[in-house]
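Each chain, written out:
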Amino acid sequence: MLGLLLPLVLLANGLAAGVLVGTQLGGWPLLRGLPPDRYVQAHAFFATRYDPFMPVCFVVTFAGDLALVFADDGPRRVAFGVAALLTVTAMVISLVKNVPVNKWLRTLDPDNLPADFARLDPRKHWGAWNRVRGTLSVLAFALNCAALGFLLSTRI
């Protein structure tokens, strides 16, 4: 089971971490610097592509890591358990902090923003929470890679 599940977890976790790192390196600097109307339009564009994809990656990573905790009898269980905890924390942040903003922004007309949009502009908080969930996802990926390394070192 370990030989089938661990590659799937690494794939899903790597994709999630990669998307979040890519967002930090490219998407976020672009969004942060756009005028409000262009920001709302660009954010909605990104969100409609990532929102369906990221939950699947997070759920597969979390469920897989959790299953690996029980499928493995070695010290790698700790790495899988911590990776699962980091991933579920990133999922909660996504659901509580980022997704509501994504949904709200998709309801706005970029050509007719609320008069108080400058006060409501979610960029500062959205960006901070996105950095946190990105960091958590990368740390989970590092732990899953380390667990694979330990597994390989015991087999060589």
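Please refer to the structure higher up on the page.
The structure displayed is predicted, hence computed values, not measured ones.

Undergrad: When you look at the overall build of the chain in this model, what are you seeing that I'm missing?
TA: Regarding its fold elements, the chain presents five helices and zero strands. Mapped from its N terminus to its C terminus, the chain presents α and β elements in the order α-α-α-α-α. By its C-alpha atoms, the chain is 60 × 25 × 20 Å across when sized along the principal axes. Residues counted as buried form 40% of the 156 residues belonging to the chain. In the chain, once contacts between residues fewer than 6 apart in sequence are set aside, the share between residues at least 24 apart is 83%. Here the chain has roughly 8,400 Å² of accessible surface; of this, 70% comes from carbon and sulfur atoms. With 14 positive and 9 negative side-chain charges, the chain shows a spacing of 5 Å between the two charge centroids.

Undergrad: Teacher, can you tell me more about helix α2 (residues 36-71) here?
TA: Every α-helix carries 3.6 residues per turn, so stepping three or four residues along brings you back to the same face. Helix length check: α2, at 36 residues, gives a terminal C-alpha distance of 49 Å against a target of 52 Å (1.5 Å per residue), a fit within 8%. The axis of α2 is deflected most strongly, by about 35°, at Y50, and proline P52 appears within four residues downstream.

Undergrad: Looking at this structure, I do not really get the environment of L152. What am I missing?
TA: For L152, the position within the fold is in helix α5 (residues 123-155). The exposure class of L152 is partly exposed, given its relative accessible area of 44%.

Undergrad: What am I meant to see in the nonpolar core here?
TA: Soluble, globular proteins show a tendency: their nonpolar side chains are buried together. Judged by nonpolar contacts, the single largest core of 13 residues is most densely connected at A16, M54, F58 and L136. If you list the elements that add at least two residues to this core, you get α1 (2-33), α2, α3 (76-107) and α5. A per-element tally of this core places α3 first, with five residues. L136 has contacts with L86, T89, A90 and I93, leaving out every residue within four places of it along the chain.

What counts, and at which threshold
- Residues numbered from 1 in each chain as written.
- Predicted model: local features only at pLDDT ≥ 70, side-chain atom pairs only at ≥ 80, totals over all residues.
- Heavy atoms only, no water.
- Helix = DSSP H or I, 4+ residues; strand = E, 2+ residues; numbered from the N terminus.
- Buried < 20%, exposed > 50% of the residue type's maximum accessible area, 1.4 Å probe, protein only.
- Contact = heavy atoms within 4.5 Å.
- Areas by Shrake-Rupley, 256 points an atom, 1.4 Å probe, with all protein chains shown as cover.
- Lys, Arg positive; Asp, Glu negative; His and termini not counted.
- Charge placed at Lys NZ, Arg CZ, Asp CG, Glu CD.
- Expected span 1.5 Å × (residues − 1).
- Bend = angle between axes of the 7 residues up to and from the residue.
- Core = buried A, V, L, I, M, F, W, Y, C linked by side-chain atoms within 4.5 Å.

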